[in-house]
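Summary of the model geometry
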Amino acid sequence: MQSKLTNIGVVGSGAMGRGIAQLAAQSGSRVWLYDSRPEACMEAKQSIEEIWARLVAKGRLQRSDVQLASTRLNVASSLQQLTDCDLVVEAITENLSAKQELMAEVERLVPDATLLATNTSSLSVTAIGAGLRRPERFAGLHFFNPVPLMKVVEVVPGARTATTVCDDLAGWVKALGHTPVRALDTPGFIVNHAGRGYGTEALRVLSEKVSDVPTIDRILKDQLGFKLGPFELLDLTGLDVSQPVMESIYHQYFEEPRYRPSIITAQRLAGGLLGRKSGEGFYVYGPEGAVAAPEAPAPVNAAQPPVWVSPKAARRAELYQYLKDVGASIETGAAPSQQALIVVAPLGLDVTTLAAVERLDATRTIGIDMMLPDAAVKRRVLATNPATRADMRDAAHAVFAKDGKAVSVIRDSGGFVSQRVAATIVNIAADMCQQGICTPGDLDTAVTLGLGYPLGPLALGDSIGPTNVLEILFNLQTVYGDPRYRPSPWLRRRGALGLSLKHEEI
């Protein structure tokens, strides 16, 4: 795809600036890279050319294409050399006053037709452009690191940005081979906003001692299909990066409970437990990577009592079929016998609450997470309650591991682990749509490309069922009494009507 933006200025030669310059040059744009430190620009160009050489050696780029790209990449010795650019993108440090001063200086030098953009990830586009003479030609153009590999770019208008400017920027992004998504100028835009649920809810689960770090990571990878568990991801990103983002979005939204950070990460950051970069975070890192205790095997000599499944259990037919397939003794009476292992499958509620409401013997009651079909998950998750006997816990572990599928046993929690995390992710995404921050389609596209989620948040909600997500959230509110779990109007209305979460009103 062709774009009328062919001469590009990039100010700032750090990781983001050089990434934008590399991508633009190899995609056909003539690029002028400027940095207040001239030697930094030369280092950046040398680094880009070394990257191109490696890509040629690996057969990912043609030598002739790299030679052309190299001729298009120029180092500017002053801002005055950007006067012929169709677009100038700033990618300097995340400091509001520094960005404002830079963009004002650039505006004085370039013609009125030149578009101006900021690569900010956390500051207000409107605030950066507030002092410009013509703020209508200024917008956010948020690339992700590493720029050539991360295929999504957020196009963000300020309060006074002209619509045609965002159209032109989106066209240029497409010409680069990337995918533009449109977002309102709100804290975190799309990707960093939608990503709040995964880590913060996992941290809350950890803070309640529901389970340990490796188990929570295993559950969310094996049940929901994430490539990295939340604690693996926090270690990879580094708490020196992640914690300030969590705190910033929370405060920018005036302490909205859905984005509440955790004291766990604040304390670990203060102690220097940053993650991979410091050698220790939620995991300890050795030459072979993260060191984690091996998973406990299923008990081999556990008792085999008959199993009674609550009539109110989610996916009760699937549970019966599994128990039949592994040869378990199944009770089908209206109430369990005095010897039976009692199985409940709550959505959002904890095992304790169900045992009390259904007047079950809590000492023999175990919960199993059946939010998703059993065939769709690589791991089953069981939950005890405070009164569960050890022999019944072991019996449940043994029977549900009988076919070889991995089993995790956790302590009681409203919504287990996956239900809580999934419902939080879906609810935040639904409320972003309710606020008009972006379209449902752009939201799912941005999250899958920008965060690598197996499904976009709204697609995840549709796969669980909007009505089921609503039930989980309502029940989490009952268990915890926390407005964090209040359902978004977008989700409530679509769940009530049986509509897809991607459904837009006319």
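Residues numbered from 1 in each chain as written. Predicted model: local features only at pLDDT ≥ 70, side-chain atom pairs only at ≥ 80, totals over all residues. Heavy atoms only, no water.

With that settled, the discussion passes to the overall build of the protein. Broken down by element type, the protein carries 20 helices and 16 strands. Each of the three principal axes of the protein carries a C-alpha extent, and together these read 85 × 55 × 40 Å. For the protein, restricting intrachain contacts to residue pairs at least 6 apart in sequence, the fraction spanning at least 24 positions comes to 70%. Roughly 21300 Å² of accessible area belongs to the protein as shown, and the carbon and sulfur atoms make up 53% of that amount. A distance of 2 Å separates the average location of the 51 positive side-chain charges in the protein from that of its 53 negative side-chain charges. (Helix = DSSP H or I, 4+ residues; strand = E, 2+ residues; numbered from the N terminus. Contact = heavy atoms within 4.5 Å. Areas by Shrake-Rupley, 256 points an atom, 1.4 Å probe, with all protein chains shown as cover. Lys, Arg positive; Asp, Glu negative; His and termini not counted. Charge placed at Lys NZ, Arg CZ, Asp CG, Glu CD.)

This next bit is on the layout of surface pockets. Quantified by volume, the largest pocket comes out at close to 1400 Å³. Around the largest pocket, the lining is made up of 46 residues, and of these Phe144, Asn192, Thr237, Val241 and Val245 lie nearest the centre. Taken together, the elements giving at least two residues each to the lining of the largest pocket come down to α1 (15-26), α7 (191-194), α8 (196-207), α10 (230-237), α11 (239-252) and α17 (440-451). Ranked by residues supplied to the lining of the largest pocket, first place goes to α11 with nine residues. (1 Å grid on protein atoms, 1.4 Å probe; cavity = no way out; pocket = protein on both sides within 12 Å on 5 of 7 lines; lining within 4 Å. Points joined across faces, edges and corners; volume = space filled by probe spheres on them.)

Another point: the packing of helix α16 (residues 418-434) against helix α20 (residues 489-497). As a packed pair, α16 and α20 sit with axes 7 Å apart at the nearest point and diverge in direction by 100°. When the axes of α16 and α20 are compared, the pair comes out roughly perpendicular. Here α16 contributes Asn427, Ala430, Asp431, Cys433 and Gln434 to the contact with α20, which in turn contributes Pro489, Trp490, Leu491 and Arg493. Looking at the contact of α16 with α20 residue by residue, the class counts come to five nonpolar, two polar and two charged. (Axes fitted to C-alpha atoms, helices over the stretch in contact; angles between N-to-C directions. Parallel < 35°, antiparallel > 145°, perpendicular 65-115°, else oblique. Nonpolar A, V, L, I, M, F, W, Y, C, P; charged D, E, K, R; others polar.)

This part covers the sheet that holds strand β5 (residues 115-118). One open sheet accounts for eight strands, arranged β3-β2-β1-β4-β5-β6-β7-β8; its pairing is mixed. Each end of this open sheet is capped by a strand with a single partner; those strands are β3 (73-75) and β8 (179-182). Neighbour-to-neighbour, the strand axes of the sheet open up by a mean angle of 25°, direction not taken into account. Docked against the sheet, helix α3 (residues 63-72) engages β2 (30-34) and β3, running at close to 30° with respect to β3. Running at roughly 155° to β8, helix α6 (residues 163-175) makes contact with β1 (7-11), β4 (87-90), β5, β6 (138-142), β7 (152-157) and β8 of the sheet. (Pairing = 2+ DSSP bridges.)

Moving on to the nonpolar core. The biggest cluster of nonpolar side chains holds 121 residues, and the ones touching the most others in it are Phe231, Phe282, Leu319, Phe400 and Leu443. Examining the composition of this core, we find that 10 residues originate from one element, α16, more than from any other. (Core = buried A, V, L, I, M, F, W, Y, C linked by side-chain atoms within 4.5 Å. Buried < 20%, exposed > 50% of the residue type's maximum accessible area, 1.4 Å probe, protein only.)

Judged by side-chain polarity, Leu228, Leu233 and Leu236 come together as a nonpolar surface patch covering roughly 220 Å² of accessible area. As for its position among the elements, Leu236 is in helix α10. (Patch = residues over 30% accessible without salt bridge, like charges linked within 9 Å, V, L, I, M, F, W, Y side chains within 5 Å. Salt bridge = Lys/Arg side-chain N within 4 Å of Asp/Glu carboxyl O.)

Moving on, we come to the packing of aromatic side chains. The final tally for this structure, using the stated rule, is eight aromatic pairs. Ring geometry for Tyr253 and Tyr259: centres 5.2 Å apart, planes at 55°, overall tilted. Of the two residues, Tyr253 and Tyr259, neither departs from the other in class, the shared state being buried. Between Tyr322 and Phe400, the aromatic rings sit 5.6 Å apart at their centres with planes inclined by 10°, giving stacked as the arrangement. One end of the pair, Tyr322, is in helix α13 (residues 316-325); the other, Phe400, is in helix α15 (residues 390-400), with 78 residues separating them in the sequence. (Phe/Tyr/Trp six-rings, centres within 6.5 Å; stacked < 30°, edge-to-face > 60°.)

Glancing now at empty space enclosed by the protein. Where empty space is left can be seen by rolling a probe of water-molecule size over the atoms. Evaluation of the coordinates by the stated rule reveals two cavities of 30 Å³ or more. A volume near 40 Å³ is recorded for the largest cavity. Around the largest cavity sit Gln223, Leu224, Asp369, Met371, Leu372, Val377 and Ser418, which together line it. Considering only residue class, the lining of the largest cavity consists of four nonpolar, two polar and one charged.

Here we take up α10. Because an α-helix packs 3.6 residues into every turn, residues spaced three or four apart end up facing the same way. Buried residues of α10: Pro230, Phe231, Leu234 and Asp235, and no others. Buried residues along α10 cover an arc of 140° about the axis, so they all sit on one side. One or two steps after α10, the chain reaches Gly238, where phi turns positive at roughly 95°. (Arc of directions from axis to C-beta.)

What follows concerns the sheet that holds strand β14 (residues 365-368). The strand order β12-β11-β13-β14-β15-β16 describes an open sheet built from six strands, whose pairing is mixed. With one partner strand each, in any of the chains shown, β12 (330-331) and β16 (406-410) form the two edges of the open sheet. Here β14 pairs with strand β15 (residues 379-383) via two bridges, running antiparallel. Directly across from Gly367, in β15, lies its bridge partner Ala383. In the packing of α13 onto the sheet, contacts are made with β11 (307-309), β12, β13 (341-344), β14 and β15, and the angle to β11 comes to roughly 165°.

Okay, the side chain of Ser211 next. Residue position: Ser211 is located in the loop between α8 and α9 (213-224). In contact with Ser211, other than residues within four places in its own chain, are Leu206, Ile216 and Ile410.

On to unusual backbone geometry, then. Here the residue pair Asn145 and Pro146 is connected by a cis peptide bond, since its omega of -5° sits within 30 degrees of zero. Position of Pro146 relative to the elements: it lies in the loop between β6 and β7. Although it is not a glycine, Phe189 sits at a positive phi angle of roughly 50°. Tracing the backbone shows Phe189 in the loop between β8 and α7.

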